[in-house]
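Letter by letter, the chains look like this.
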Amino acid sequence: MTVEYRAGLEGIPATQSSISFVDGQKGILEYRGIPIQELAMQPGNTFLETAYLLIWNELPNREALAEFEHEIQFHRRLKYRIRDMMKCFPESGHPMDALQACAAALGLFYSKRALDDPSYIREAVVRILAKIPTMVAAFQLMRKGNDPVQPRDDLSYGANFLYMLSEEEPDPIAARIFDISLTLHAEHTINASTFSAMVTASTLTDPYAVIASAVGTLAGPLHGGASEEVINMLEEIGSVENVRPFLEDRLTRKDKIMGFGHRVYKVKDPRAIILQQLAEQLFEKFGQDKYYDIAVELEKAVEEKLGHKGIYPNVDFYSGLVYRKLGIPTDLFTPVFAISRAAGWLAHWKEQLAENRIFRPTQIYTGLHNSPYIPIEKR
Ligand code: SDX
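Presented here is an overview of the structure given in this document. (Residues numbered from 1 in each chain as written. Predicted model: local features only at pLDDT ≥ 70, side-chain atom pairs only at ≥ 80, totals over all residues. Heavy atoms only, no water.)

Section: the sheet that holds strand β3 (residues 34-35)
- Read across the sheet, 3 strands follow the order β1-β2-β3 without closing on themselves; strand pairing throughout is antiparallel. Whereas interior strands pair on both sides, the edge strands pair on one side only; in this sheet they are β1 (20-23) and β3.
- Bridge analysis of β1 against strand β2 (residues 28-31) gives 4 bridges, and the strand direction is antiparallel. When the sheet's bridge partners are listed, S20 is paired in β2 with Y31. (Pairing = 2+ DSSP bridges. Helix = DSSP H or I, 4+ residues; strand = E, 2+ residues; numbered from the N terminus.)

Some points on the layout of surface pockets
- Each pocket or cavity is described by its volume, and for the largest pocket that value is around 1700 Å³.
- Mapped by element, the contributors of at least two residues to the lining of the largest pocket are β1, α9 (192-201), α15 (315-325) and α16 (333-354).
- Of the residues in the lining of the largest pocket, the class split is 21 nonpolar, 17 polar and 11 charged.
- Considering every element that reaches the lining of the second largest pocket, the biggest residue donor is α16, with 3 residues.
- Across the lining of the second largest pocket, the residue classes break down as 13 nonpolar, 6 polar and 6 charged. (1 Å grid on protein atoms, 1.4 Å probe; cavity = no way out; pocket = protein on both sides within 12 Å on 5 of 7 lines; lining within 4 Å. Points joined across faces, edges and corners; volume = space filled by probe spheres on them. Nonpolar A, V, L, I, M, F, W, Y, C, P; charged D, E, K, R; others polar.)

Structural notes on unusual backbone geometry
- A positive phi angle is found at L9, which is not glycine, with a value near 55°.
- Looking at where L9 falls in the secondary structure, it is placed in the segment before β1.
- The class for L9 is partly exposed, based on a relative accessible area of 41%.
- In this structure, N57 is a non-glycine residue whose phi angle is positive, near 60°.
- Tracing the backbone shows N57 in the loop between α2 (47-56) and α3 (62-74). (Buried < 20%, exposed > 50% of the residue type's maximum accessible area, 1.4 Å probe, protein only.)

Section: the pairing of β2
- Side chains of β2 alternate between two faces, with L29 and Y31 buried and I28 and E30 left unburied.
- Counted between consecutive antiparallel strands, the loop separating β1 from β2 contains 4 residues, among which G27 sits at a positive phi close to 65°.
- For β2 and β3, the ladder comprises 2 bridges, and the chain directions are antiparallel. Directly across from Y31, in β3, lies its bridge partner I34.
- Once β2 ends, the chain turns through 2 residues before running back antiparallel as β3, passing R32 with a positive phi of about 50°.

A word on a nonpolar patch on the surface
- A cluster of nonpolar side chains, V3, L9 and I12, forms an exposed patch at the surface whose accessible area comes to about 240 Å².
- Inspection of the secondary structure puts V3 in the segment before β1.
- Of the residues examined, V3 reaches a relative accessible area of 54% and is grouped as exposed. (Patch = residues over 30% accessible without salt bridge, like charges linked within 9 Å, V, L, I, M, F, W, Y side chains within 5 Å. Areas by Shrake-Rupley, 256 points an atom, 1.4 Å probe, with all protein chains shown as cover. Salt bridge = Lys/Arg side-chain N within 4 Å of Asp/Glu carboxyl O.)

So, the site of the ligand
- Near the ligand, the surroundings consist of 22 residues, among which H188, H262, R263, R271 and R341 are the closest.
- H223 has a polar side-chain atom sitting 2.9 Å from an oxygen atom of the ligand.
- F260 is positioned such that a nitrogen or oxygen atom in its backbone is 2.8 Å from a nitrogen atom of the ligand.
- Across the complex, the protein chains shield 72% of the 1000 Å² of accessible surface that the ligand would expose by itself. (Near = heavy atom within 4 Å. Polar contact = N/O pair within 3.5 Å; in protein donor to acceptor, adjacent residues only side chain to side chain.)

Topic: the nonpolar core
- Counting residues in each nonpolar core, the largest one holds 119 residues, and the members touching the most others are L129, F161, L298 and I328.
- Of all the elements, helix α6 (residues 118-143) adds the most residues to this core, at 15 residues. (Core = buried A, V, L, I, M, F, W, Y, C linked by side-chain atoms within 4.5 Å.)

What about empty space enclosed by the protein?
- Overall, the coordinates contain 1 cavity of 30 Å³ or more when judged by the stated rule.
- The volume enclosed by the largest cavity comes to roughly 40 Å³.
- For the largest cavity, the full set of lining residues is M86, P95, A98, L99, C102, M135, V136 and F139.
- Elements that contribute at least two residues to the lining of the largest cavity include exactly α5 (95-109) and α6.

By themselves these figures say nothing about function.
Okay, structure coming up:
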């Protein structure tokens, strides 16, 4: 059976999945069939409810959600030896590298593997979702020379992360907007980091190795690393007047404009639409951000130049402006993306195990055959 080779596996199905659905032409994203706009903007929806929906394919009732939230709260703390390990990390290291190291290290402490045991699956899901925010916040405080703060069980998932980062209880509106942003970033069909998680999962290794693989993949600037690059780009542009000269220069050099374009969306990413609204809410309550006007002007200019190619803002374009206003340092934007996308990675890990076959694609060989070995003295 010959199948055409497509660079980056573009348009090639790698699995059958019921977790999320994207229509790139219509700008549709659904989590377990629920349109993202409807789910994320529900007053009662939280990131943990979204995670439960993605992983166990049902919206939890009150008791099930309360039990899940309690388990997550119970497992938020890190073993002191993980914290001791983090003390050896260089302050200058990127937080995504720190997170990947910590995620893999969890596998040292929870080495038992019972992939066919639903209680083991749940335990791993709870530990990973509970501990990633604590790891990210701990690295942030330690690289500033401070001791990490203990999680607060009386705070919601999102509020607790913002508290562990700043050592101050966040404003309820800020915490709510952060929680909505976590839901928006939680899942997105077979993106690069999710595919990485699936390939790793298909070998039946432990879930911590699966998450470590996915974190390493998300870190790249073409994927989750773009949100950090967007802020750096807006800072480089510096003013609304400089938007078009900057864009001309980038396009002349055939450089990609960070936060724009998508393998699937050929219209504005529905998550970018909501994140832009959230940014505006934050600016109204906590004060304007000078980069927002630059971002809006850049969006207009890119549409003029690249709209015909289907290049529009993706999820990373406005997320950085939301995180900046929430006081999150720029190089923590991608770790925050990982906090959220861990829900999607775990949902695909569980789905992969249910009908597993190890990933082993083929290739189109372009090399030589029967080549002679040349001894070193004759080279
Ligand atoms: C995420 O897959 C997912 O779902 C990912 C994600 C998720 O939720 O998991 O949505 C999260 O990763 C969002 C994407 C974040 N990355 C960036 O913002 C980096 C900038 N974007 C590009 O690098 C690019 O758009 C990609 C990587 C996102 C998609 O790349 P593709 O599908 O491989 O497209 P391509 O590079 O083949 O480009 C097709 C054409 C090219 O022009 P031509 O050579 O055909 O003339 O579009 C151009 C590209 O030059 N193009 C861009 C562009 N993106 C594509 N030109 C300028 N700026 C851009 N950003």
